[in-house]
Amino acid sequence: MINNVDAIALLNKFIKTDKISNNVKISEQKGGLFNDVLKVEDEYKSWYLKKYLEQSTSKIFSPPKISPEIRSQLAYFVQKECYHLNKDIKTVPDLFIDVDENILIIEGVHHPITMIDLISQNSFKIEHIELISKTIARLHAGFSGNSEICNDPIYRNQEFRDFKLKLQYQNMAEQLEEKCSNLIYHLLSTYKSQYFTVLHGDLNSRNIVVNSITQEVGIIDFEQSHVGNPIYDITYFLCEVYISCLNFENSELLFKSVEAFLKTYMEYNPDFEIINYLEEMKMHLAVQIIYRFLGPSRDSWTFYINENRKNDIINYAKEMLVTKNEKHIDIFFQK
Ligand SMILES: Nc1ncnc2c1ncn2[C@@H]1O[C@H](COP(=O)(O)OP(=O)(O)O)[C@@H](O)[C@H]1O
Ligand SMILES: [Mg+2]
(Lines give C-alpha, C1' and ligand atoms only; values in the text may rest on other atoms or scores of the structure.)
(Ligands and ions follow the chains in the order given, each with its own letter.)
Protein backbone atom coordinates (compact mmCIF):
# COMPACT_ATOMS: atom_id res chain seq x y z
CA MET A 1 0.00 0.00 0.00
CA ILE A 2 1.23 3.52 -0.79
CA ASN A 3 2.06 5.39 2.41
CA ASN A 4 0.46 8.75 3.18
CA VAL A 5 3.58 10.85 2.62
CA ASP A 6 4.19 9.25 -0.78
CA ALA A 7 0.54 9.71 -1.69
CA ILE A 8 0.70 13.47 -1.08
CA ALA A 9 4.04 13.76 -2.91
CA LEU A 10 2.61 11.89 -5.88
CA LEU A 11 -0.45 14.11 -6.07
CA ASN A 12 1.69 17.23 -5.92
CA LYS A 13 3.82 15.89 -8.73
CA PHE A 14 0.89 15.29 -11.08
CA ILE A 15 -1.83 17.72 -10.04
CA LYS A 16 -0.30 21.04 -10.96
CA THR A 17 -3.38 23.20 -10.50
CA ASP A 18 -3.65 23.15 -6.73
CA LYS A 19 -1.19 22.28 -4.03
CA ILE A 20 -2.31 19.41 -1.83
CA SER A 21 -2.06 20.20 1.86
CA ASN A 22 -1.13 17.77 4.61
CA ASN A 23 -4.64 18.11 6.04
CA VAL A 24 -6.23 15.78 3.57
CA LYS A 25 -8.05 12.66 4.70
CA ILE A 26 -6.57 9.41 3.39
CA SER A 27 -8.42 6.09 3.39
CA GLU A 28 -8.08 2.65 1.84
CA GLN A 29 -10.90 1.59 -0.50
CA LYS A 30 -12.67 -1.73 -0.49
CA GLY A 31 -12.52 -3.95 -3.56
CA GLY A 32 -8.94 -4.08 -4.70
CA LEU A 33 -8.38 -7.74 -5.55
CA PHE A 34 -5.64 -6.95 -8.05
CA ASN A 35 -4.82 -3.44 -6.93
CA ASP A 36 -4.54 -1.24 -3.87
CA VAL A 37 -6.81 1.78 -4.01
CA LEU A 38 -6.27 4.80 -1.76
CA LYS A 39 -8.63 7.74 -1.53
CA VAL A 40 -7.24 11.19 -0.76
CA GLU A 41 -9.76 13.97 -0.10
CA ASP A 42 -10.17 17.47 1.18
CA GLU A 43 -13.38 19.50 1.44
CA TYR A 44 -13.58 20.24 -2.25
CA LYS A 45 -11.98 17.42 -4.17
CA SER A 46 -10.89 13.83 -4.04
CA TRP A 47 -8.37 11.66 -5.87
CA TYR A 48 -7.91 7.93 -6.06
CA LEU A 49 -4.44 6.40 -6.25
CA LYS A 50 -4.58 2.95 -7.75
CA LYS A 51 -1.48 0.82 -7.51
CA TYR A 52 -1.40 -2.24 -9.76
CA LEU A 53 -0.10 -5.26 -7.89
CA GLU A 54 2.07 -8.08 -9.12
CA GLN A 55 -0.39 -10.73 -7.90
CA SER A 56 -4.04 -11.07 -7.02
CA THR A 57 -4.80 -10.97 -3.31
CA SER A 58 -8.12 -12.73 -3.84
CA LYS A 59 -8.95 -16.16 -2.49
CA ILE A 60 -11.61 -16.80 -5.09
CA PHE A 61 -10.04 -15.53 -8.31
CA SER A 62 -6.75 -16.58 -9.89
CA PRO A 63 -6.36 -14.23 -12.83
CA PRO A 64 -3.60 -14.69 -15.39
CA LYS A 65 -0.30 -13.15 -14.38
CA ILE A 66 -0.21 -10.08 -16.58
CA SER A 67 2.39 -7.57 -15.47
CA PRO A 68 1.28 -4.47 -13.57
CA GLU A 69 2.99 -2.35 -16.27
CA ILE A 70 0.75 -3.73 -19.00
CA ARG A 71 -2.40 -3.63 -16.88
CA SER A 72 -1.91 -0.08 -15.68
CA GLN A 73 -1.02 1.19 -19.15
CA LEU A 74 -3.99 -0.48 -20.78
CA ALA A 75 -6.33 0.97 -18.15
CA TYR A 76 -4.71 4.38 -18.52
CA PHE A 77 -4.85 4.54 -22.33
CA VAL A 78 -8.45 3.46 -22.63
CA GLN A 79 -9.72 5.64 -19.78
CA LYS A 80 -7.83 8.68 -21.12
CA GLU A 81 -9.31 8.19 -24.58
CA CYS A 82 -12.77 7.72 -23.12
CA TYR A 83 -12.24 10.86 -21.01
CA HIS A 84 -11.44 12.88 -24.16
CA LEU A 85 -14.37 11.42 -26.08
CA ASN A 86 -16.74 12.41 -23.26
CA LYS A 87 -15.22 15.63 -22.03
CA ASP A 88 -18.42 17.58 -22.69
CA ILE A 89 -20.50 15.34 -20.41
CA LYS A 90 -17.74 14.62 -17.84
CA THR A 91 -18.70 10.97 -17.43
CA VAL A 92 -15.14 9.70 -17.20
CA PRO A 93 -12.71 11.05 -14.59
CA ASP A 94 -9.42 12.46 -15.85
CA LEU A 95 -6.28 10.60 -14.81
CA PHE A 96 -2.48 10.49 -14.79
CA ILE A 97 -0.05 7.62 -14.70
CA ASP A 98 3.18 7.12 -12.78
CA VAL A 99 4.84 4.61 -15.08
CA ASP A 100 7.68 3.80 -12.68
CA GLU A 101 5.34 2.74 -9.88
CA ASN A 102 2.37 1.50 -11.97
CA ILE A 103 0.08 3.89 -10.17
CA LEU A 104 -2.90 5.68 -11.68
CA ILE A 105 -3.90 9.01 -10.16
CA ILE A 106 -7.61 9.41 -10.85
CA GLU A 107 -9.85 12.38 -10.25
CA GLY A 108 -12.54 11.46 -7.76
CA VAL A 109 -16.27 11.65 -8.34
CA HIS A 110 -17.45 13.91 -5.54
CA HIS A 111 -20.19 12.80 -3.11
CA PRO A 112 -19.89 9.30 -4.53
CA ILE A 113 -22.47 6.58 -4.43
CA THR A 114 -21.66 3.48 -6.35
CA MET A 115 -24.23 2.40 -8.92
CA ILE A 116 -24.71 -0.91 -7.03
CA ASP A 117 -26.30 1.13 -4.22
CA LEU A 118 -28.83 2.52 -6.69
CA ILE A 119 -29.31 -0.82 -8.44
CA SER A 120 -29.88 -2.65 -5.15
CA GLN A 121 -32.60 -0.16 -4.23
CA ASN A 122 -34.03 0.05 -7.73
CA SER A 123 -33.51 3.80 -7.50
CA PHE A 124 -31.36 4.56 -10.55
CA LYS A 125 -32.65 7.11 -13.00
CA ILE A 126 -33.14 7.08 -16.76
CA GLU A 127 -30.71 10.03 -16.88
CA HIS A 128 -27.97 7.77 -15.44
CA ILE A 129 -28.75 5.09 -18.00
CA GLU A 130 -28.53 7.58 -20.87
CA LEU A 131 -25.19 8.98 -19.71
CA ILE A 132 -23.70 5.51 -19.33
CA SER A 133 -24.97 4.44 -22.74
CA LYS A 134 -23.69 7.60 -24.45
CA THR A 135 -20.25 7.23 -22.89
CA ILE A 136 -19.87 3.59 -23.85
CA ALA A 137 -21.26 4.13 -27.36
CA ARG A 138 -18.72 6.90 -27.90
CA LEU A 139 -15.92 4.65 -26.66
CA HIS A 140 -16.97 1.88 -29.05
CA ALA A 141 -17.48 4.28 -31.95
CA GLY A 142 -14.21 6.07 -31.19
CA PHE A 143 -12.08 2.94 -31.58
CA SER A 144 -14.17 1.14 -34.17
CA GLY A 145 -12.40 0.76 -37.50
CA ASN A 146 -9.08 1.82 -35.97
CA SER A 147 -7.22 -1.26 -37.08
CA GLU A 148 -3.90 -0.06 -35.69
CA ILE A 149 -5.33 0.05 -32.18
CA CYS A 150 -7.55 -3.00 -32.54
CA ASN A 151 -4.52 -5.05 -33.63
CA ASP A 152 -2.16 -3.62 -31.03
CA PRO A 153 -1.37 -6.41 -28.52
CA ILE A 154 -2.03 -4.14 -25.55
CA TYR A 155 -5.68 -3.65 -26.58
CA ARG A 156 -6.11 -6.95 -28.37
CA ASN A 157 -5.01 -8.93 -25.27
CA GLN A 158 -6.87 -12.20 -25.05
CA GLU A 159 -5.49 -13.52 -21.79
CA PHE A 160 -7.68 -11.55 -19.45
CA ARG A 161 -10.62 -11.71 -21.85
CA ASP A 162 -10.41 -15.50 -21.90
CA PHE A 163 -10.05 -15.72 -18.13
CA LYS A 164 -13.31 -13.77 -17.78
CA LEU A 165 -15.06 -15.77 -20.50
CA LYS A 166 -14.15 -19.01 -18.77
CA LEU A 167 -15.49 -17.71 -15.48
CA GLN A 168 -18.67 -16.20 -16.87
CA TYR A 169 -19.56 -18.46 -19.80
CA GLN A 170 -17.74 -21.81 -19.72
CA ASN A 171 -18.11 -22.39 -15.99
CA MET A 172 -21.82 -21.48 -16.19
CA ALA A 173 -22.30 -23.84 -19.13
CA GLU A 174 -20.77 -26.63 -17.04
CA GLN A 175 -23.35 -26.07 -14.30
CA LEU A 176 -26.43 -25.97 -16.51
CA GLU A 177 -28.44 -28.56 -18.41
CA GLU A 178 -27.30 -29.57 -21.88
CA LYS A 179 -29.79 -27.46 -23.78
CA CYS A 180 -28.46 -24.32 -22.09
CA SER A 181 -24.81 -25.29 -22.13
CA ASN A 182 -24.71 -26.02 -25.87
CA LEU A 183 -26.05 -22.56 -26.59
CA ILE A 184 -23.46 -20.98 -24.27
CA TYR A 185 -20.54 -22.87 -25.88
CA HIS A 186 -21.68 -21.70 -29.28
CA LEU A 187 -22.06 -18.11 -28.08
CA LEU A 188 -18.62 -18.24 -26.53
CA SER A 189 -16.89 -19.41 -29.67
CA THR A 190 -18.71 -16.76 -31.73
CA TYR A 191 -17.65 -14.07 -29.29
CA LYS A 192 -14.02 -15.12 -29.43
CA SER A 193 -13.95 -14.47 -33.17
CA GLN A 194 -15.43 -10.96 -32.93
CA TYR A 195 -12.81 -8.21 -32.90
CA PHE A 196 -14.96 -5.16 -33.55
CA THR A 197 -13.75 -2.46 -31.20
CA VAL A 198 -12.22 -1.65 -27.82
CA LEU A 199 -14.57 -2.38 -24.92
CA HIS A 200 -14.60 -1.30 -21.29
CA GLY A 201 -14.68 -5.00 -20.40
CA ASP A 202 -15.92 -4.74 -16.81
CA LEU A 203 -18.93 -2.44 -16.89
CA ASN A 204 -20.40 -3.53 -13.58
CA SER A 205 -22.24 -1.38 -11.08
CA ARG A 206 -19.20 -1.00 -8.80
CA ASN A 207 -17.27 0.59 -11.65
CA ILE A 208 -19.89 3.27 -12.11
CA VAL A 209 -20.03 6.01 -9.50
CA VAL A 210 -22.70 8.70 -9.25
CA ASN A 211 -22.33 12.10 -7.63
CA SER A 212 -25.30 11.94 -5.26
CA ILE A 213 -25.82 15.70 -5.36
CA THR A 214 -25.37 16.61 -9.01
CA GLN A 215 -26.31 13.13 -10.38
CA GLU A 216 -23.23 13.19 -12.61
CA VAL A 217 -21.99 9.75 -13.61
CA GLY A 218 -18.37 8.56 -13.53
CA ILE A 219 -17.19 5.38 -15.25
CA ILE A 220 -13.90 3.95 -13.93
CA ASP A 221 -11.70 0.83 -13.86
CA PHE A 222 -10.77 0.15 -17.49
CA GLU A 223 -8.17 -2.52 -16.80
CA GLN A 224 -10.19 -5.32 -18.38
CA SER A 225 -10.50 -3.56 -21.71
CA HIS A 226 -10.16 -5.79 -24.73
CA VAL A 227 -11.19 -5.91 -28.35
CA GLY A 228 -14.56 -7.57 -28.77
CA ASN A 229 -18.21 -7.16 -29.74
CA PRO A 230 -19.99 -4.11 -28.20
CA ILE A 231 -22.87 -6.33 -27.08
CA TYR A 232 -20.56 -7.66 -24.37
CA ASP A 233 -20.37 -4.26 -22.63
CA ILE A 234 -24.03 -3.54 -23.32
CA THR A 235 -25.28 -6.76 -21.74
CA TYR A 236 -22.70 -6.67 -18.93
CA PHE A 237 -24.33 -3.48 -17.80
CA LEU A 238 -27.96 -4.24 -18.67
CA CYS A 239 -27.97 -7.57 -16.85
CA GLU A 240 -27.82 -5.70 -13.53
CA VAL A 241 -30.70 -3.47 -14.60
CA TYR A 242 -32.72 -6.60 -15.42
CA ILE A 243 -31.86 -8.22 -12.09
CA SER A 244 -32.86 -5.14 -10.12
CA CYS A 245 -36.13 -4.57 -11.97
CA LEU A 246 -37.11 -8.26 -11.95
CA ASN A 247 -36.45 -8.39 -8.23
CA PHE A 248 -38.55 -5.32 -7.52
CA GLU A 249 -41.14 -6.29 -10.13
CA ASN A 250 -40.66 -2.93 -11.74
CA SER A 251 -41.37 -3.73 -15.37
CA GLU A 252 -41.99 -0.11 -16.23
CA LEU A 253 -38.49 0.97 -15.16
CA LEU A 254 -37.00 -2.07 -16.92
CA PHE A 255 -38.71 -1.25 -20.18
CA LYS A 256 -37.85 2.43 -20.02
CA SER A 257 -34.22 1.77 -19.04
CA VAL A 258 -33.49 -0.78 -21.75
CA GLU A 259 -35.25 1.33 -24.34
CA ALA A 260 -33.31 4.44 -23.27
CA PHE A 261 -30.02 2.56 -23.25
CA LEU A 262 -30.46 1.08 -26.72
CA LYS A 263 -31.87 4.26 -28.26
CA THR A 264 -29.00 6.36 -26.92
CA TYR A 265 -26.49 3.73 -27.93
CA MET A 266 -27.70 3.65 -31.52
CA GLU A 267 -27.57 7.42 -31.72
CA TYR A 268 -23.92 7.58 -30.63
CA ASN A 269 -22.62 4.45 -32.33
CA PRO A 270 -24.79 4.37 -35.46
CA ASP A 271 -22.33 2.30 -37.50
CA PHE A 272 -22.76 -0.71 -35.25
CA GLU A 273 -25.81 -2.54 -36.58
CA ILE A 274 -27.25 -3.68 -33.31
CA ILE A 275 -30.30 -5.02 -35.10
CA ASN A 276 -28.16 -7.84 -36.55
CA TYR A 277 -27.16 -9.02 -33.09
CA LEU A 278 -30.45 -9.20 -31.21
CA GLU A 279 -30.47 -12.97 -30.75
CA GLU A 280 -26.84 -12.94 -29.57
CA MET A 281 -27.53 -9.99 -27.33
CA LYS A 282 -30.41 -11.80 -25.64
CA MET A 283 -28.20 -14.82 -24.98
CA HIS A 284 -25.32 -12.74 -23.57
CA LEU A 285 -27.82 -11.01 -21.33
CA ALA A 286 -29.13 -14.35 -20.07
CA VAL A 287 -25.65 -15.72 -19.35
CA GLN A 288 -24.59 -12.51 -17.63
CA ILE A 289 -27.67 -12.67 -15.39
CA ILE A 290 -27.02 -16.31 -14.53
CA TYR A 291 -23.34 -15.59 -13.79
CA ARG A 292 -24.28 -12.94 -11.27
CA PHE A 293 -26.30 -15.52 -9.32
CA LEU A 294 -24.05 -18.56 -9.67
CA GLY A 295 -20.55 -17.14 -10.14
CA PRO A 296 -17.97 -16.88 -7.34
CA SER A 297 -18.63 -13.16 -6.74
CA ARG A 298 -22.43 -13.67 -6.55
CA ASP A 299 -22.77 -11.99 -3.15
CA SER A 300 -21.39 -8.75 -4.54
CA TRP A 301 -24.22 -8.54 -7.08
CA THR A 302 -27.24 -10.26 -5.54
CA PHE A 303 -26.87 -9.69 -1.79
CA TYR A 304 -30.14 -7.73 -1.76
CA ILE A 305 -32.30 -10.49 -3.24
CA ASN A 306 -34.09 -13.18 -1.23
CA GLU A 307 -33.61 -16.87 -2.01
CA ASN A 308 -37.00 -17.51 -3.67
CA ARG A 309 -36.64 -14.52 -5.85
CA LYS A 310 -33.12 -15.63 -6.84
CA ASN A 311 -34.51 -18.88 -8.21
CA ASP A 312 -37.26 -17.08 -10.10
CA ILE A 313 -34.74 -14.79 -11.78
CA ILE A 314 -32.36 -17.63 -12.66
CA ASN A 315 -35.29 -19.49 -14.25
CA TYR A 316 -36.31 -16.37 -16.13
CA ALA A 317 -32.76 -16.07 -17.50
CA LYS A 318 -32.63 -19.75 -18.48
CA GLU A 319 -35.89 -19.36 -20.34
CA MET A 320 -34.50 -16.27 -22.01
CA LEU A 321 -31.45 -18.22 -23.11
CA VAL A 322 -33.36 -21.03 -24.82
CA THR A 323 -36.39 -19.27 -26.32
CA LYS A 324 -36.49 -17.12 -29.41
CA ASN A 325 -36.04 -13.46 -28.91
CA GLU A 326 -39.41 -11.87 -29.41
CA LYS A 327 -40.36 -11.05 -25.84
CA HIS A 328 -36.94 -10.06 -24.50
CA ILE A 329 -34.93 -7.76 -26.73
CA ASP A 330 -36.95 -7.65 -29.93
CA ILE A 331 -39.72 -5.70 -28.22
CA PHE A 332 -37.49 -2.66 -28.08
CA PHE A 333 -37.24 -2.58 -31.86
CA GLN A 334 -40.85 -3.14 -32.77
CA LYS A 335 -41.92 0.45 -33.18
N1 LIG B 1 -12.44 8.15 -9.43
C2 LIG B 1 -13.21 7.61 -8.50
N3 LIG B 1 -14.27 8.30 -7.97
C4 LIG B 1 -15.06 7.74 -7.02
N5 LIG B 1 -14.88 6.51 -6.52
C6 LIG B 1 -13.86 5.78 -6.98
C7 LIG B 1 -12.97 6.28 -7.99
N8 LIG B 1 -12.03 5.34 -8.24
C9 LIG B 1 -12.32 4.31 -7.43
N10 LIG B 1 -13.41 4.55 -6.67
C11 LIG B 1 -14.01 3.64 -5.65
O12 LIG B 1 -13.07 2.63 -5.33
C13 LIG B 1 -13.55 1.33 -5.73
C14 LIG B 1 -12.41 0.49 -6.29
O15 LIG B 1 -11.80 1.12 -7.40
P16 LIG B 1 -11.61 0.38 -8.79
O17 LIG B 1 -10.81 1.27 -9.70
O18 LIG B 1 -12.91 -0.09 -9.31
O19 LIG B 1 -10.67 -0.84 -8.35
P20 LIG B 1 -10.82 -2.42 -8.43
O21 LIG B 1 -9.92 -2.82 -9.55
O22 LIG B 1 -10.36 -2.89 -7.12
O23 LIG B 1 -12.24 -2.79 -8.72
C24 LIG B 1 -14.65 1.63 -6.76
O25 LIG B 1 -15.61 0.60 -6.83
C26 LIG B 1 -15.23 2.93 -6.24
O27 LIG B 1 -16.13 2.68 -5.18
MG1 LIG C 1 -13.61 -1.95 -9.91
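Scope of this entry: the structure provided in the associated data block.

Each value, and the rule that gives it
Residues numbered from 1 in each chain as written. Chains lettered and ligands numbered in written order. Predicted model: local features only at pLDDT ≥ 70, side-chain atom pairs only at ≥ 80, totals over all residues. Heavy atoms only, no water. Salt bridge = Lys/Arg side-chain N within 4 Å of Asp/Glu carboxyl O. Helix = DSSP H or I, 4+ residues; strand = E, 2+ residues; numbered from the N terminus. Buried < 20%, exposed > 50% of the residue type's maximum accessible area, 1.4 Å probe, protein only. Pairing = 2+ DSSP bridges. Axes fitted to C-alpha atoms, helices over the stretch in contact; angles between N-to-C directions. Contact = heavy atoms within 4.5 Å.

**As for the pattern of salt bridges**
For step 1, the next point in the chain: For the structure on display, the rule yields 16 salt bridges.
For step 2, the next point in the chain: For D221, the salt bridge identified is with K50, shortest N-O distance 2.9 Å. Placement of the pair is D221 in the loop between β9 (217-219) and β10 (227-228) and K50 in strand β3 (residues 46-52), with a sequence separation of 171 residues. Comparing D221 with K50, the two get one shared label, buried.
For step 3, the next point in the chain: Residue R71 is joined to E223 by a salt bridge in which the shortest nitrogen-to-oxygen separation is 3.2 Å. Here R71, found in helix α2 (residues 68-85), pairs with E223, found in the loop between β9 and β10; they are 152 residues apart in sequence, far enough to count as distant. Considered together, R71 and E223 belong to a single accessibility category, that of buried residues.

**Regarding the sheet that holds β9**
For step 1, the next point in the chain: Taken together, three strands build an open sheet; the order of strands is β6-β8-β9 and the sheet is antiparallel. Each edge of the sheet is formed by a strand with only one pairing partner; in this case those strands are β6 (112-114) and β9. Strand-to-strand twist of the sheet, defined as the mean angle between neighbouring strand axes without regard to direction, takes the value 30°.
For step 2, the next point in the chain: Across three bridges, β6 lies against strand β8 (residues 208-211) in antiparallel orientation. When the sheet's bridge partners are listed, I113 is paired in β8 with V210.

**A short note on the environment of E326**
For step 1, the next point in the chain: Relative to the elements of secondary structure, E326 occurs in the segment after α13 (307-322).
For step 2, the next point in the chain: Separated by 47 residues in sequence, E326 and E279 have C-alpha atoms that sit 9.1 Å apart.
For step 3, the next point in the chain: Beyond its immediate chain neighbours, meaning those up to four positions away, E326 contacts I331 and Q334.

Take it as geometry only, folks, not as evidence of what the structure does.
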